[in-house]
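Chain by chain, the residues run as shown.
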Amino acid sequence: MSRNVSGAAGVGDLVIVGAAAVGGEFAGAAQGILAELVLGGAALGWVEPPSGEEVAALVEEVVARSRAGDGALRVAYLGGRPVGFGYWLRHRRPTHRPHAELEKLAVSAAAQGRGIGRALTTALIADARAAGIEVLTLDARGDNADALHLYYSLGFTEYGRLPDYVAVGERRYDKVFAMVDLRRAHPRA
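Cut-offs applied
Residues numbered from 1 in each chain as written. Predicted model: local features only at pLDDT ≥ 70, side-chain atom pairs only at ≥ 80, totals over all residues. Heavy atoms only, no water. Axes fitted to C-alpha atoms, helices over the stretch in contact; angles between N-to-C directions. Helix = DSSP H or I, 4+ residues; strand = E, 2+ residues; numbered from the N terminus. Parallel < 35°, antiparallel > 145°, perpendicular 65-115°, else oblique. Left-handed = near helix turned anticlockwise from the far one by under 90°. Contact = heavy atoms within 4.5 Å. Nonpolar A, V, L, I, M, F, W, Y, C, P; charged D, E, K, R; others polar. Expected span 1.5 Å × (residues − 1). Buried < 20%, exposed > 50% of the residue type's maximum accessible area, 1.4 Å probe, protein only. Core = buried A, V, L, I, M, F, W, Y, C linked by side-chain atoms within 4.5 Å. 1 Å grid on protein atoms, 1.4 Å probe; cavity = no way out; pocket = protein on both sides within 12 Å on 5 of 7 lines; lining within 4 Å. Points joined across faces, edges and corners; volume = space filled by probe spheres on them. Phe/Tyr/Trp six-rings, centres within 6.5 Å; stacked < 30°, edge-to-face > 60°. Lys NZ or Arg CZ within 6 Å of the ring centre and 35° of its normal.

Asks: A description of the packing of helix α1 (residues 26-39) against helix α2 (residues 52-67) should follow, citing residues and the corresponding values.
Replies: Between two packed helices, both the angle of their axes relative to each other and the distance between the axes serve to describe the pair. One can describe the packing of α1 onto α2 by two numbers: an axis separation of 9 Å at closest approach and a directional angle of 120°. Viewed along their axes, α1 and α2 adopt a mutual orientation that is oblique. As for the relative orientation of α1 and α2, their crossing is right-handed in sense. Contacts from F26, A27, A30, Q31 and L34 in α1 reach G52, V55, A56 and V59 in α2. Classifying every residue of the contact of α1 with α2 by side-chain character gives seven nonpolar, two polar and no charged.

Below, the structure is given as structure tokens:
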């Protein structure tokens, strides 16, 4: 569940671990990463930073579902410190169980631009493929060009868009839906 990604896009010693290697201290680190990003205006689903309790409950659910085979959590460590994470969860509906949604990908501002998001997403796609997921979906705020570029470069394609759907105060943004069909091999994934 752990892998060293030496040299990935200029990152000397990036280590990506799965849910089995995540300790109890991770929830605090995740809350710190999310709070920093949300305060900086990141498109992560919160207008105000989530509380420690909210993130702890989220991490507990994601770890439990990962251990049950219904999800995957990946955490990126740089210099022994968590700098990013991402996860997908399998859909609960019986008719949608072959599919999952990449629900969150977050990399601390100081660690962005080093290939960490790409390494996390690539690991999550590999986990989904290994778990028999057929279609991995995600949604992103329409102005999140860097994230959308990353996803498209890894084989995701847009399948829908809701104009002016996301409300942040008085501002409105499109909600973009993308998917990668894991039933077909993709050279970049």
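Asks: Summarise α1; cite the residues concerned and give the values.
Replies: For α1, which comprises 14 residues, the first-to-last C-alpha distance of 20 Å matches the rise-based estimate of 20 Å (1.5 Å per residue) to within 8%. Of the positions making up α1, those classed as buried are F26, A27, A30, I33, L34, A35, L37 and V38. Once α1 ends, the next one or two residues include G41, with phi positive near 95°.

Asks: I'd like to hear about the nonpolar core, residue by residue, with values.
Replies: Counting residues in hydrophobic clusters, the biggest one holds 30 residues, and the most contacted among them are W88, L102, I116, L136, Y151 and F156. Broken down by secondary-structure element, the contributors of at least two residues to this core are β2 (14-18), β3 (71-78), β4 (81-90), β5 (99-107), α3 (116-130), β6 (135-141), α4 (145-153) and β8 (171-181). A per-element tally of this core places α3 first, with seven residues. Counting 23 residues, the second largest nonpolar core, distinct from the first, contains V22, A27, V62 and Y87.

Asks: Can you tell me about the environment of V55, naming the residues and giving the values?
Replies: Tracing the chain through its elements places V55 in helix α2. Placed 29 residues apart in sequence, V55 and F26 show a C-alpha to C-alpha distance of 9.8 Å.

Asks: So what about the packing of α3 against α4? Which residues, and what values?
Replies: Viewed as axis vectors pointing N to C, α3 and α4 meet at an angle of 45°, and their least axial separation amounts to 11 Å. By the angle between their directions, the pair α3 and α4 is classed as oblique. For the pair α3 and α4, the crossing hand works out as right-handed. Each of G117, R118 and T121 in α3 lies in contact with α4, whose residues at this interface are L150, Y151 and S153. Class assignment for the residues of the contact of α3 with α4 results in two nonpolar, three polar and one charged.

Asks: Which residues make up the layout of surface pockets, and what values do they have?
Replies: Empty space among the atoms becomes apparent when a probe as large as a water molecule is rolled across them. Approximately 1,200 Å³ is the volume attributed to the largest pocket. For the largest pocket, the lining is made up of 41 residues, of which A43, L44, L105, N144 and A147 are closest to its centre. For the lining of the largest pocket, the element with the most residues is β5, which contributes seven residues. Class assignment for the residues of the lining of the largest pocket results in 23 nonpolar, eight polar and 10 charged.

Asks: Tell me about the packing of aromatic side chains, and name the residues and values.
Replies: One pass over the full model with this rule turns up three aromatic pairs. One residue, R141, lies across the ring of Y173, its end atom 4.2 Å from the ring centre.

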